[in-house]
Amino acid sequence: MKILLIGHSGTIGKAVHTALAERGHQLVTAARKSGDYTVDITDHASIAALYEQVGTVDAVVVTSGSVPFAPLEQLDSEQFTLGWQGKALSQIDIVLSGIKHVTPGGVFVLTSGILSEVPVAEGAAATTVNGALEAFVRAAAAELPNGLRIAAVSPTILDESLDSAGAYFPGFDSIPAARAAKSYVRAIEGIGTGAVLKVWQ
């Protein structure tokens, strides 16, 4: 399969790239500053230009996105908007803009996270954004044309991210990025749609 991987340079993105390459898939990579193509996922015009450059693909995988972490009383609507644009709306736009660029029966695989269901201190924006993204996946699955499928992968904190973000996840069991990558493979090569694959249960 020809797969567009957006966010290949991050911790999960690297693991997903390795897993898919080992299975013989043809990978086209894109990120803000590296890859076969560059893209700003918060900019609709940049996403549209990426699809025009890449052409038709069989799958689109997104492993990039950002949300602010701060105590609730320090969050404001601007920060929630940044999280919405940085992780939810950006991935939604990638799906909506990509419908005509993915072959019939192809698949979109997005990335949410455990905080959609398990809130933590200072993570209200992440919980809100991840929850909205997962709701979109469930709704879009019923309306995507041409047999297109969609899924979200929801990982917990990664082993590789404990030094930088582990303090936000006290008492959580971490997983290696390679384990999370298996769920992306399952979403791409499987037959399901509308699922949130929880890599923490």
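For the structure itself, look to the data block above.
The rules behind each value
Residues numbered from 1 in each chain as written. Predicted model: local features only at pLDDT ≥ 70, side-chain atom pairs only at ≥ 80, totals over all residues. Heavy atoms only, no water. Buried < 20%, exposed > 50% of the residue type's maximum accessible area, 1.4 Å probe, protein only. Helix = DSSP H or I, 4+ residues; strand = E, 2+ residues; numbered from the N terminus. Pairing = 2+ DSSP bridges. 1 Å grid on protein atoms, 1.4 Å probe; cavity = no way out; pocket = protein on both sides within 12 Å on 5 of 7 lines; lining within 4 Å. Points joined across faces, edges and corners; volume = space filled by probe spheres on them. Axes fitted to C-alpha atoms, helices over the stretch in contact; angles between N-to-C directions. Parallel < 35°, antiparallel > 145°, perpendicular 65-115°, else oblique. Left-handed = near helix turned anticlockwise from the far one by under 90°. Contact = heavy atoms within 4.5 Å. Nonpolar A, V, L, I, M, F, W, Y, C, P; charged D, E, K, R; others polar.

Peer 1: How would you summarise the pairing of strand β4 (residues 57–62) if you had to cite specific residues and measurements?
Peer 2: Most of β4 sits out of view: five of its six residues are buried. Pairing of strand β1 (residues 2–6) with β4 involves four bridges; the strand directions are parallel. Residue L5 lies in a different strand from β4, and its bridge partner there is V61. The pairing of β4 with strand β5 (residues 102–111) spans four bridges and is classified as parallel. Its bridge partner being in β5, V57 is matched across the sheet by V102.

Peer 1: Talk me through the layout of surface pockets; I want residue IDs and the actual numbers.
Peer 2: Considered as a void within the structure, the largest pocket measures approximately 910 Å³ in volume. If you go around the largest pocket, you meet 38 residues; those closest to its centre are I12, T63, G65, S66 and K87. Looking at the lining of the largest pocket, the elements that each hand over two or more residues are α1 (11–22), β2 (26–31), α3 (77–98), α4 (124–141) and α5 (162–165). With three residues, the single largest contributor to the lining of the largest pocket is α1.

Peer 1: Outline the packing of α3 against α4, listing residues and values.
Peer 2: For the pair α3 and α4, interaxial distance at closest approach is 9 Å and the crossing angle is 20°. In terms of orientation, α3 lies roughly parallel with respect to α4. Of the two possible hands of crossing, α3 and α4 adopt the one that is right-handed. Here α3 contributes F80, G83, W84, K87, A88, Q91, I92, V95 and L96 to the contact with α4, which in turn contributes A124, A125, T128, V129, N130, A132, L133 and F136. Of the residues assigned to the contact of α3 with α4, the class counts are twelve nonpolar, four polar and one charged.

Peer 1: Explain the packing of α1 against helix α6 (residues 177–189) residue by residue, including any values.
Peer 2: Between α1 and α6, the least distance of the axes is 8 Å, while the angle of their chain directions is 55°. Judged by the inter-axis angle, α1 sits oblique to α6. Here α1 runs over α6; the crossing is right-handed. Counted together, T11, I12, A15, V16, A19 and L20 of α1 and A177, A178, A181, Y184, V185 and I188 of α6 form the full contact between these two elements. Its residues assigned to classes, the contact of α1 with α6 comprises eleven nonpolar, one polar and no charged.

Treat this as a map of the structure, not an account of what it does.
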